[in-house]
Amino acid sequence: MASNKNKIVMMKGEKSFHYIALVIMTLFMLFCIVPLVLMCVVSFSSENSLLHGYRFIPDEWSLDAYAFMWAKRATISRAYGLTIVVTVIGTFLSLVMTSLFAYPLSRKDFKPRNTIAFILFFTMLFNGGMTASYIVWTRLFHIKDTLWAYLLPGSLMNGMNVMLVRNYFNANIPYSIVEAARIDGANDWTIYSKIMVPLSKPIMTTIGLFSALGYWNNWSAGLYYINNPKLYTIQVYLKKLMDSIQFLKTTDLQDEAVLLAQRNLPTESARMAVAIIALIPILLVYPFVQGELIKGMVVGGVKG
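This one's a predicted model, so the numbers in the text were calculated from it and none came from an experiment. (Residues numbered from 1 in each chain as written. Predicted model: local features only at pLDDT ≥ 70, side-chain atom pairs only at ≥ 80, totals over all residues. Heavy atoms only, no water.)

**Re empty space enclosed by the protein**
The probe, sized like a water molecule, is rolled over the atoms to show the empty space still left. The final tally for this structure, using the stated rule, is one cavity of 30 Å³ or more. The computed volume of the largest cavity comes to approximately 50 Å³. As for the largest cavity, its lining consists of T83, V86, Y150, Y215, W216, N218 and T233. Taken together, the elements giving at least two residues each to the lining of the largest cavity come down to α3 (73–106) and α10 (201–216). In terms of residue class, the lining of the largest cavity is made up of four nonpolar, three polar and no charged. (1 Å grid on protein atoms, 1.4 Å probe; cavity = no way out; pocket = protein on both sides within 12 Å on 5 of 7 lines; lining within 4 Å. Points joined across faces, edges and corners; volume = space filled by probe spheres on them. Helix = DSSP H or I, 4+ residues; strand = E, 2+ residues; numbered from the N terminus. Nonpolar A, V, L, I, M, F, W, Y, C, P; charged D, E, K, R; others polar.)

Structure, rendered in structure tokens:
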């Protein structure tokens with residue numbers, strides 16, 4: 001009887017925990033969704049209705065922000081295409097370099113692995129600063145006004161990602177498989193390409209998504225290294241666009257054309273339309289990689 005009562009109490013406690021967890025996760029979900037809904041509503045609101053603040057049900061609906069963006073569709077399309085190219089190439093290179101770096105660090109027969117891991121960890125804590133980085137990249141590597149400005153500085157390989165991949169290799173791929181492959185005559189490249197990478201789909205998906213997000217949202221590289229408007233990615237172009245809108249709204253010039261542009265120019269709604277345009281690709285990709293992303297984060301975060 002006592003054991004049955006204990007089981008009932010445990011079941012009730014577990015059920016209560018599930019309900020509490022469900023309520024908490026629902027609140028977190030609302031905290032994430034509500035701003036997105038508000039952003040979408042504001043993008044379809046007229047400027048006059050936004051003078052008194054943001055509302056979920058505006059006084060007046062309008063497509064002015066999207067009409068403004070549509071008028072610049074050719075430039076935006078070019079920026080989108082360039083962003084996609086940079087994201088795809090950068091993500092691929094990042095995955096290759098990160099996994100190649102992590103593989104020897106996961107090998108027990110690689111003696112300097114702890115020393116190299118410490119140096120890698122050190123770079124996660126300290127760096128030379130933006131000024132030194134800018135001088136090195138522009139004067140030594142000459143990446144200014146080239147696509148390399150988006151691919152190389154700060155995004156190509158991340159120390160944390162290397163650690164995650166190394167931990168995944170250690171926790172999920174038995175070292176006996178590597179030893180068996182060595183006995184069968186496989187070299188390091190064969191082990192890496194035929195064993196380690198194919199068995200690491202979750203962590204590769206996770207790192208790939210991190211890298212893709214980094215490249216897609218990277219506007220600082222364009223701000224520092226790009227002066228040619230034809231090389232603007234979508235984030236850089238939208239940043240410049242919003243700066244231009246803000247300039248027209250705050251300028252003191254009394255030119256008739258400028259005053260007319262000021263009256264008809266969407267600002268708040270355009271900002272939200274810009275955010276939605278930049279967010280759509282990520283929202284489309286994320287559902288397809290969600291399962292692998294969670295699995296890679298959980299297993300890759302285990303200390304190896």
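**Regarding the side chain of Q235**
Here Q235 shows up in helix α12 (residues 234–250). Here the side chain of Q235 touches N217 through a polar contact of 3.5 Å, side chain to side chain. Discounting chain neighbours no more than four positions away, the residues touching Q235 are W216, N217, N218, W219 and A278. (Polar contact = N/O pair within 3.5 Å; in protein donor to acceptor, adjacent residues only side chain to side chain. Contact = heavy atoms within 4.5 Å.)

**As for the pattern of salt bridges**
Going through the model one piece at a time under the given rule, you end up with four salt bridges. Between D188 and R107 there is a salt bridge, with the nearest N and O atoms lying 3.0 Å from each other. Of this pair, D188 sits in helix α9 (residues 188–196) while R107 sits in the loop between α3 and α4 (113–125), placing them 81 residues apart in sequence. Notably, a salt bridge pairs R182 with D188, separated by 3.2 Å at the nearest N-O pair. Judged by its relative accessible area of 41%, R182 is partly exposed. Here the residues in one salt-bridge network are R107, D109, R182 and D188, joined through shared partners. (Salt bridge = Lys/Arg side-chain N within 4 Å of Asp/Glu carboxyl O. Buried < 20%, exposed > 50% of the residue type's maximum accessible area, 1.4 Å probe, protein only.)

**Concerning the packing of aromatic side chains**
Counted according to the given criterion, the structure contains eight aromatic pairs. Between Y103 and Y192, the ring centres sit 6.1 Å apart and the planes meet at 50°, which makes this aromatic pair tilted. Residue Y103 is located in helix α3, and its partner Y192 is located in helix α9; the two are separated by 89 residues in the primary sequence. For the pair shown, Y103 and Y192 are each scored as buried. Their ring planes at 40° and their centres at 4.9 Å tell us that W137 and F141 sit as a pair that is tilted. Under the relative-accessibility criterion, W137 is labelled buried at 18%. Residue classification places F141 among the partly exposed residues on the basis of a relative accessible area of 46%. Taken together, the ring pairs connect Y103, W189 and Y192 into an aromatic cluster. (Phe/Tyr/Trp six-rings, centres within 6.5 Å; stacked < 30°, edge-to-face > 60°.)

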